[in-house]
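Observations on the three-dimensional arrangement
Chain residues, written in single-letter form:
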Amino acid sequence: MIKVGLVSLGCAKNLIDSEVMVGHLQQAGMVMTPEPELADVLIVNTCSFIDMAKKESIAAIHGAVDDREESGRRQKIIVAGCLSQRFGKELPGLMPEVDAFIGLDQITEVAPIIRGLMEGEGAQANLVTEKPQYIPDYDTPRFRLTPKTFAYVKIAEGCNHPCSFCIIPKIRGRHRSRTEDSVVREVEQLVKAGTREINLISQDTTYFGMDKWDGQRPNPRSGVDSARGESLASLLRKLNAIEGDFWVRLLYTHPAHWSDELIETIAECPKIARYIDMPLQHISDRMLKIMRRETDGAYIRDLIKRIRAGIPDIAIRTTFIVGFPGETAEDFEELLDFMRDVRFERAGVFEYSKEEGTRAYGIDGHLHHMTRKSRWHKAMALLQELAEDINQNQVGKRMKVLVEEPGIARTEWDAPDIDSSVVVDRKLPVGDFAEVTIKDWRGYDLVAAR
Ligand code: SF4
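Treat the numbers as computed from the prediction; the structure is a model and nothing was measured. (Residues numbered from 1 in each chain as written. Predicted model: local features only at pLDDT ≥ 70, side-chain atom pairs only at ≥ 80, totals over all residues. Heavy atoms only, no water.)

1. Things to note about the overall build of the protein
If you tally the helices and strands in the protein, you get 13 helices and 19 strands. Projecting the C-alpha coordinates of the protein onto the three principal axes gives extents of approximately 65 × 55 × 50 Å. Counting every position in the protein, which comprises 450 residues, the buried fraction comes to 55%. Put simply, of all contacts in the protein between residues at least 6 apart along the chain, 76% involve residues at least 24 apart. Total accessible area on the protein is roughly 19300 Å²; 53% of this is exposed by carbon and sulfur atoms. (Helix = DSSP H or I, 4+ residues; strand = E, 2+ residues; numbered from the N terminus. Buried < 20%, exposed > 50% of the residue type's maximum accessible area, 1.4 Å probe, protein only. Contact = heavy atoms within 4.5 Å. Areas by Shrake-Rupley, 256 points an atom, 1.4 Å probe, with all protein chains shown as cover.)

2. A closer look at the packing of helix 1 (residues 12-27) against helix 5 (residues 110-119)
Between helix 1 and helix 5, whose axes approach to 8 Å, the crossing angle comes to 65°. Facing helix 1, whose interface residues are M21, H24 and L25, helix 5 presents V110, A111 and I114. Of the residues assigned to the contact of helix 1 with helix 5, the class counts are five nonpolar, one polar and no charged. (Axes fitted to C-alpha atoms, helices over the stretch in contact; angles between N-to-C directions. Nonpolar A, V, L, I, M, F, W, Y, C, P; charged D, E, K, R; others polar.)

3. A short note on helix 1
Here helix 1 is 16 residues long and its end C-alpha atoms lie 22 Å apart, about the 22 Å a rise of 1.5 Å per residue gives. The positive-phi residue at the C-terminal boundary of helix 1 is G29, with phi of around 85°. (Expected span 1.5 Å × (residues − 1).)

4. Remarks on the domain arrangement of the protein
Taken domain by domain, the protein consists of domain 1 (3-126), domain 2 (150-393) and domain 3 (398-449). Taking only C-alpha atoms into account, the centre of domain 1 sits 30 Å from that of domain 2. Ranking the residues of domain 1 by area buried against domain 2 places K13, F49 and R86 at the top, with a combined share of 44%. The interface formed by domain 1 and domain 2 holds four salt bridges in total. In this structure, the salt-bridge partner of K154 is D17, at a minimum N-O distance of 2.8 Å. (Domains from an automatic or database assignment. Buried area = accessible area lost by both parts, 1.4 Å probe. Salt bridge = Lys/Arg side-chain N within 4 Å of Asp/Glu carboxyl O.)

5. With respect to the environment of W441
Considering the arrangement of structural elements, one finds W441 in strand 18 (residues 433-442). W441 gets classed as partly exposed once you look at its relative accessible area, which sits at 24%. For the pair W441 and E69, spaced 372 residues apart in the sequence, the C-alpha separation amounts to 49 Å. Every residue in contact with W441, bar those within four places of it in the chain, is listed here: E388, N391, Q392, V395, L446 and V447.

6. Structural notes on the pattern of salt bridges
What the rule picks out here adds up to 37 salt bridges. Residues D419 and R317 are paired through a salt bridge, measuring 2.8 Å at the closest nitrogen-oxygen approach. In this pair, D419 is assigned in the loop between strand 16 (408-411) and strand 17 (422-423) and R317 in strand 13 (residues 315-322), connecting sequence segments 102 residues apart. The buried category is assigned to D419, whose relative accessible area is 17%. Residue classification places R317 among the buried positions, given a relative accessible area of 9%.

7. A look at the layout of surface pockets
Of the pockets and cavities examined, the second largest pocket occupies roughly 620 Å³. Q85, E130, K131, K170 and I171 are, among the 25 residues lining the second largest pocket, the residues nearest its centre. For the lining of the second largest pocket, the secondary-structure elements that each account for two or more residues are helix 3 (82-86) and helix 6 (168-172). Broken down by element, the residue count for the lining of the second largest pocket peaks at three residues, all from helix 6. Residue-level mapping places the lining of the second largest pocket at the junction of two domains, with at least three residues from each of domain 1 (3-126) and domain 2 (150-393). (1 Å grid on protein atoms, 1.4 Å probe; cavity = no way out; pocket = protein on both sides within 12 Å on 5 of 7 lines; lining within 4 Å. Points joined across faces, edges and corners; volume = space filled by probe spheres on them.)

8. Notes on the packing of aromatic side chains
Summed over the entire model, instances satisfying the criterion amount to seven aromatic pairs. When the centroid spacing of 6.4 Å and the interplanar angle of 85° are considered together, the rings of F165 and F324 count as edge-to-face. With F165 in the loop between strand 8 (156-157) and helix 6 and F324 in the loop between strand 13 and helix 12 (329-342), this pair connects stretches of sequence that are 159 residues apart. In terms of burial, F165 and F324 fall into one category: buried. Taken together, the aromatic side chains of F165, F324 and Y352 make up a single cluster linked through ring pairs. (Phe/Tyr/Trp six-rings, centres within 6.5 Å; stacked < 30°, edge-to-face > 60°.)

9. Focus on the packing of helix 11 (residues 297-310) against helix 12
It is at 12 Å that the axes of helix 11 and helix 12 come closest, and there the two elements cross at 10°. Considering their axes alone, helix 11 and helix 12 lie roughly parallel with respect to each other. Along its contact with helix 11, which presents I300, R301, I304 and R308, the element helix 12 presents E334, F338 and V342. For the contact of helix 11 with helix 12, the per-class residue count stands at four nonpolar, no polar and three charged. (Parallel < 35°, antiparallel > 145°, perpendicular 65-115°, else oblique.)

10. A look at the site of the ligand
Neighbouring residues of the ligand: C159, H161, C163, F165, C166, I168, P169, Q203, H254 and R293. Of the residues belonging to the shell around the ligand, the class tally is six nonpolar, three polar and one charged. (Near = heavy atom within 4 Å.)

11. With respect to the sheet that holds strand 13
In spatial order, the strands read 7-10-11-12-13-14; together these six strands make up an open sheet with parallel pairing. Each end of this open sheet is capped by a strand with a single partner; those strands are strand 7 (150-154) and strand 14 (346-351). Going from strand to strand, the sheet's axes swing by 20° on average, the running direction of each strand aside. In the sheet, strand 7 pairs with strand 10 (residues 197-201) via five bridges, with the strands oriented parallel. Paired with F150 across the two strands is E197, which belongs to strand 10. (Pairing = 2+ DSSP bridges.)

12. Quick look at a negative patch on the surface
Residues E35, E37, D66, D67, E69, E70 and E97 make up a contiguous surface patch of negative charge. Within the secondary structure, D66 sits in helix 2 (residues 51-71). Judged by relative accessible area, D66 falls into the partly exposed class, the value being 39%. (Patch = residues over 30% accessible without salt bridge, like charges linked within 9 Å, V, L, I, M, F, W, Y side chains within 5 Å. Lys, Arg positive; Asp, Glu negative; His and termini not counted. Charge placed at Lys NZ, Arg CZ, Asp CG, Glu CD.)

See the structure below:
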């Protein structure tokens, strides 16, 4: 019996790729082991979104190679994921100790690939194919690596946006949506299995279905009209109609594809969490233009007003990039003012990362790393201040929470792995919803009583 170990790095979309690999390995009768040292084969599922992620992935691969050498074991090492997909041509020469490189379209073939390696003469295999097309379906063999309480559901893959700082479209390919029926069937299975929170993910969740429309681009202002075909709004209505007590959370939406119809749909569908993740990256028109974000400051401010007016108690999560080439002190001040005005319920900041292969890589005006760093610190300090203030206003409120561990829960305003949590009574049953009263806060976290 072949024993396989897995190191899964990066975002939730990459985690789903890991789950698909494990599902196919188990279907082929192979056994997963949580101890890499006991594995006959070790898969490192990598990320290469930004510099830091690349370094982490390379360190994990080197770590696996060193461990193997030290232990003298005949373990096979497979590198998968975005680093392998992005540098499929370069890596084999740079890492001769690795036995195979696979890309995003090979995740369902991992079992025969392993058999080939185990029976083979030991020649290195490079199986990465360009322009990935693959997207899982509701019946794709898959082993969930998330706690039972929640699951990620990838409703589309790839991205058609031209953001100048981003390498993802070059790694994950063009946007390709699943069908509504496929997503609904998967969510029905999950809810039946007791999953309490469904996190809808893709690169641009709001573009769901639109890649199949008759070539006409929707006008964000007049709204998406689902008469033209499948859309996120019509999908959400179908998910809301599924029997059961669960939340559906929207992650990775893009401001350009929001619409009045989507806002109304969320407001009318109680199972859709009062939470929206919408990375905005910046607010200065000059920066948004150079970043090629397809929206301007006035549009974004108006959209936020419409969302807040249309969906009571909504929490907006966003992320910004500071230190982007050409960002002036005025641009940065405008961003800080915007953060103060809007008071995002949840927010994060990235320091600009210069990525080879992106449009921004070659433009003028790259800032000194100390400038980037000091703006990052200043922005994070402001967000922490605002977060404490927002938390203070939650005291006394009655809230529905999802208990994830003894004494630890999340509110509707907290996505897994990226947001905060609530300290609750340890006697509350894990894996279930509970009603609690917020009595205090500690930094980003809340403290509740029954
Ligand atoms: S929307 Fe922009 S930032 Fe997000 S994955 Fe697509 S290109 Fe990258």
